[in-house]
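# Structural description and commentary
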Amino acid sequence: MVQYNPKDWITFIFRFHKSDTFRQLLPMMIFIGLYSAGIAYLEIEYWKLSENSHVKNLTVMHTTVGFVLSLLLAYRTNTAYDRWWEGRKLWGALVNNSRNLAIKLSVMLNDENDKKFFRKVIPAYSSVLSKHLLNEEVSMVLFEGLDLEINHHNHRPNQVAKMIVKKANELYKSGKITGEQFIIINSEIQSFTDICGACERIKNTPIPYSYSAFIKKFIFFFVMTLPFGFVFSLGYYVIPVVVFIFYVLASLELIAEEIEDPFGSDANDLPMTKIASNIKKHVEELL
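Residues numbered from 1 in each chain as written. Predicted model: local features only at pLDDT ≥ 70, side-chain atom pairs only at ≥ 80, totals over all residues. Heavy atoms only, no water.

### Considering the pattern of salt bridges
Which entries qualify depends on this criterion: The term salt bridge refers to a side-chain nitrogen of Lys or Arg lying within 4 Å of a carboxyl oxygen of Asp or Glu. By definition, any uninterrupted DSSP run of H or I lasting at least four residues is a helix, any uninterrupted run of E lasting at least two residues is a strand, and each is numbered from the N terminus. Between buried and exposed lies partly exposed: a residue is buried under 20% and exposed over 50% of the maximum accessible area for its type, with that area taken using a 1.4 Å probe on protein chains only.
Counted by the stated rule, this structure contains 13 salt bridges. Of the charged contacts, one joins Lys176 and Asp114 as a salt bridge, the two residues approaching to 3.0 Å between their closest N and O atoms. Of this pair, Lys176 sits in the loop between α5 (156-173) and α6 (179-204) while Asp114 sits in helix α4 (residues 112-133), placing them 62 residues apart in sequence. Residue Asp114 is classed as buried on the basis of its relative accessible area, which comes to 4%. Lys216 is the salt-bridge partner of Glu253, the closest N and O atoms lying 2.9 Å from each other. Placement of the pair is Glu253 in helix α8 (residues 238-259) and Lys216 in helix α7 (residues 209-234), with a sequence separation of 37 residues. Under the relative-accessibility criterion, Glu253 is labelled buried at 3%. With a relative accessible area of 36%, Lys216 lands in the partly exposed category. A single network of salt bridges, built from pairs that share partners, joins Arg76, Lys216, Glu253, Glu257 and Glu260.

Rendered as structure tokens:
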């Protein structure tokens, strides 16, 4: 995730990072510029259309359709940001629930071996969940000193959660914790699976294809018809104007595409690995 100072305007304006939309759209912007130049040449030099040509009235359509397009893009970006923010809230809840579980266990348990088990397995859940959402393999180094084998063909976070519940049940049966205490920590353990399921819902349910495809087509045909009407009022200046309009509209769509799946490796995705390492640090401090 990109770390930045929101008050540093100059840096924002003149710095281009690897995920900047300008770099991604540059080939298409060059094409749009050449296309606009071709339309301007045909209308001004070749066809020599007069000011009374009906083609000039196309700007009326662009005014109306542009308003509709702006509403669609606003809804698109808001929906994508809601998904990103929900993912951040879920990982924030995982941090808090991991701390709460560690705090309660640190008070309830007296055996150092039991504390050592939870000291390793609670952070392991967040690490496995981050790799699960990134579709990465889980390294055995992650479980150093912990008797936990992961079957990569089965649901990996569930295997870690099962191990935690199994250990808690053993503590209850052996009398190390009471029934009330078992119920208290069980609610925290259950929240892990709830958070995992919510993250998978965001990960596995993208914006409907037809909606995303329609917006892309809408932007493309809107921009491709812009030069026809604006040539009469802008002349060859229509080239940078149309390129800029395309850059703004297409950038909004690209940004929405990037943040609608917050569990990835893009520059603006959630720093799950960093959050998992913070959970490990806090749990080790508590236990």
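Right, picking up where we left off after that structure.
### Let's talk about the packing of helix α2 (residues 21-46) against α7
Which entries qualify depends on this criterion: Note on definitions: angles span 0 to 180 degrees between N-to-C directions of axes, and those axes are lines fitted to C-alpha atoms, for helices only across the stretch in contact. The handedness criterion is simple: a crossing whose near helix is rotated anticlockwise from the far helix by less than a right angle is left-handed, and one whose near helix is rotated clockwise is right-handed. Between two residues, a contact is recorded if the distance between any of their heavy atoms is within 4.5 Å. In this classification, Asp, Glu, Lys and Arg are treated as charged, Ala, Val, Leu, Ile, Met, Phe, Trp, Tyr, Cys and Pro as nonpolar, and every other residue, Gly included, as polar.
Relative to each other, α2 and α7 sit at 35°, their axes nearing to 9 Å. With respect to the hand of their crossing, α2 and α7 are arranged in right-handed fashion. Residue-level contacts link Met28, Phe31, Ile32, Tyr35, Ser36, Ile39, Ala40, Glu43 and Ile44 of α2 to Phe220, Val223, Met224, Pro227, Phe228, Val231 and Phe232 of α7. Here the contact of α2 with α7 is composed, by residue class, of 14 nonpolar, one polar and one charged.

### Thoughts on the nonpolar core
The following threshold applies: We call a set of buried Ala, Val, Leu, Ile, Met, Phe, Trp, Tyr and Cys residues a nonpolar core when their side-chain atoms join them within 4.5 Å.
In this structure, Trp91, Leu94, Leu105, Phe118, Ile122, Tyr125 and Phe263 are the most contacted members of the largest nonpolar core, which totals 45 residues. Looking at this core, the elements with two or more residues in it are α3 (58-108), α4, α5, α6, α8 and α9 (272-286). Broken down by element, the residue count for this core peaks at 10 residues, all from α3. Setting aside chain neighbours within four positions, we find Trp91 in contact with Ser126, Leu129, Ser130, Leu133, Cys199, Phe263, Met272, Ile275 and Ala276. Counting residues in each nonpolar core, the second largest holds 21 residues, with Ile32, Leu73, Val243 and Phe246 among its members.

### Observations concerning the environment of Val283
Positionally, Val283 belongs in helix α9. Those residues in contact with Val283 that lie beyond four places of it in its chain are Ser98, Ala102, Phe118, Arg119, Ile122 and Pro123.

### Some words on the side chain of Asn97
Mapped onto the elements, Asn97 comes out in helix α3. When its relative accessible area of 15% is taken as the criterion, Asn97 is described as buried. Ignoring sequence-local partners within four residues, the contact set of Asn97 consists of Glu188, Ser191, Phe192 and Ile195.

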